[in-house]
Amino acid sequence: NAGVTQTPKFRILKIGQSMTLQCAQDMNHNYMYWYRQDPGMGLKLIYYSVGAGITDKGEVPNGYNVSRSTTEDFPLRLELAAPSQTSVYFCASSYLLDRGGNQPQHFGDGTRLSIL
Amino acid sequence: QKEVEQNSGPLSVPEGAIASLNCTYSDRGSQSFFWYRQYSGKSPELIMSIYSNGDKEDGRFTAQLNKASQYVSLLIRDSQPSDSATYLCAVNETSGSRLTFGEGTQLTVNP
């Protein structure tokens, strides 16, 4: 049972390079999320999706893009990497209860990204 | 801006003691509340969820929710060194589609 799978686990980028962080879930969750976590800090929401074809901005979307063409996959794109984007990135998924409450989010193992 | 605040750490308790972690939130419409544990260098791991006022117990963990006072707490009884981690409080926003996380409280259990 894979859950939420993130690739790569580690990456070093040069300033101005682009890359895509991959996230896939096999739990048929409709909600997916991207967070970043800076050292000693909490989780900041970058983007989220409530279903295939639907995405929305979180707290810190600048410098990132997302797409959701399937229920399973939710890639995060960095177009022009900047040192401020050095962080640990977590993908998560969940589903919504009928009564309007969230079920817990399940997290991937994270991608550690350094921009030099 | 919805806010979730946790008691400032780090928190240090001796082995076998009760650790008390507190969290307050600003969104009165929140319906779902979660506690995650995060070991250093690892991803957050769900340890408790609570949806109704009162206490919910699971082994050594008890979550307490008071919606009128807008706080949620986590008690860890018989604390073990393996409980040493950062504990994150998460609260859903009224829209239901997003969680807001607190900054976390770092707990150290000393043998």
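The structure we're discussing is the one just above.
Note that the structure is a prediction, hence the values are computed from the model and not measured.

Here is what the cut-offs are and how they apply
Once a new chain begins, its residue numbering starts again from 1 and follows that chain's sequence as written. Written order determines the labels here, with chains lettered from A and ligands numbered from 1. Selection of residues for local features in this predicted model requires a pLDDT of at least 70, selection of side-chain atom pairs for listing and counting requires 80 or more, and totals for whole chains, interfaces and linings are taken over all residues. With hydrogens and water excluded, all non-hydrogen atoms of the structure serve as input to the side-chain values. At least two DSSP bridges between two strands are required for those strands to pair. Note on conventions: DSSP H or I runs of at least 4 residues are helices, E runs of at least 2 residues are strands, and numbering of each starts at the N terminus. What counts as an axis is a line fitted to C-alpha atoms, over the stretch in contact for a helix, and the angles between N-to-C directions run from 0 to 180 degrees. Only Phe, Tyr and Trp rings are paired, with Trp represented by its six-membered ring, and only when their centres lie within 6.5 Å; those with planes under 30 degrees apart are stacked, over 60 edge-to-face, the remainder tilted. Relative accessibility decides the category of a residue: with a 1.4 Å probe and only protein chains considered, values under 20% of the type maximum give buried, values over 50% give exposed, and everything between is partly exposed. Here, a charge over a ring is recorded when the distance from Lys NZ or Arg CZ to the ring centre is within 6 Å and its angle to the ring normal is within 35 degrees. Note on definitions: a residue-residue contact is assigned when non-hydrogen atoms from the two residues lie within 4.5 Å. Once two parts are joined, some of their accessible surface, as seen by a 1.4 Å probe, is lost; buried area is that loss totalled over both. In the sections that follow, a salt bridge refers to a side-chain nitrogen of Lys or Arg positioned within 4 Å of a carboxyl oxygen of Asp or Glu. Whenever a nitrogen or oxygen atom comes within 3.5 Å of another N or O atom, the pair is scored as a polar contact, on the condition that within protein one atom can donate a hydrogen and the other can accept it, and that pairs from neighbouring residues in sequence are kept only if both atoms are in side chains. Charged means Asp, Glu, Lys or Arg here, nonpolar means Ala, Val, Leu, Ile, Met, Phe, Trp, Tyr, Cys or Pro, and polar covers whatever is left, Gly included. Count a disulfide wherever a pair of cysteine sulfur atoms falls within 2.5 Å.

**Q** Teacher, can you tell me more about the sheet that holds strand β3 (residues 19-25) of chain A here?
**A** Strand pairing in a sheet relies on backbone hydrogen bonds, with the paired strands running either antiparallel or parallel. All names here are of chain A. Here 4 strands make up an open sheet; going across it, the order is β1-β3-β8-β7 and the pairing antiparallel. The open sheet terminates on both sides in strands that have one partner only, identified here as β1 (4-7) and β7 (64-66). Averaged over all adjacent pairs, the angle separating strand axes in this sheet is 20°, with direction ignored. Note that β1 and β3 share 4 bridges and pair antiparallel. Each bridged residue has a counterpart across the sheet, and for T5 the counterpart in β3 is A24.

**Q** What's the story with the packing of aromatic side chains in this structure? I'm lost.
**A** Aromatic ring pairs are defined here through the distance separating the ring centres and the angle between the ring planes. Evaluation of the coordinates by the stated rule reveals 13 aromatic pairs over all chains. Ring plane angle 25° and centroid distance 6.2 Å describe the contact between Y33 of chain A and Y35 of chain A, whose orientation is recorded as stacked. Grouping residues by exposure puts Y33 of chain A and Y35 of chain A together as buried. Positioned above the aromatic ring of F61 of chain B, the side-chain terminus of R60 of chain B is 5.5 Å from the ring centre.

**Q** Would you take a moment to explain the interface of chain B and chain A for this structure?
**A** Put simply, an interface is often sized by how much accessible area is lost when its parts join up. Contacts between the two partners involve 21 residues from chain B, matched on the other side by 27 residues from chain A. Both faces combined, the contact of chain B with chain A buries some 1,800 Å², and carbon together with sulfur accounts for 50% of it. Counting every contact that joins chain B to chain A gives 1 salt bridge. The partner of E103 of chain B in a salt bridge is K44 of chain A, and the shortest N-O contact between them spans 3.3 Å. At the junction of chain B and chain A, the tally comes to 7 residue pairs in polar contact (both at pLDDT 80 or more). Looking at the side of chain B that touches chain A, the elements with two or more residues in it are β4 (33-38), β5 (45-50), β9 (85-92) and β10 (99-101) of chain B. Considering every element that reaches the side of chain B that touches chain A, the biggest residue donor is β4 of chain B, with 3 residues. A breakdown of the residues in the side of chain B that touches chain A according to their chemical character gives 8 nonpolar, 10 polar and 3 charged.

**Q** Can you walk me through the state of the cysteines in this structure?
**A** In the structure shown here, the tally under the stated rule is 2 disulfides over all chains. Between the sulfur of C23 of chain A and that of C91 of chain A lies a disulfide, 1.8 Å long from S to S. Taking the sign of the torsion about the S-S bond as the criterion, the disulfide between C23 of chain A and C91 of chain A, at about -75°, is left-handed. Placement of the pair is C23 of chain A in strand β3 and C91 of chain A in strand β9 (residues 87-94), with a sequence separation of 68 residues. By relative accessible area, which is 2% here, C23 of chain A ends up buried. Sulfur-sulfur distance for the disulfide between C23 of chain B and C89 of chain B comes to 2.1 Å. For the disulfide bridge between C23 of chain B and C89 of chain B, the dihedral angle about the S-S bond is near -75°, and by the sign convention the bridge is left-handed. Pair noted here: C23 of chain B is in strand β3 (residues 19-25) and C89 of chain B is in strand β9, with a separation of 66 residues, a long-range link. Both residues of the pair, C23 of chain B and C89 of chain B, belong to the buried class.

Taken by themselves, the reported measurements are silent on function.
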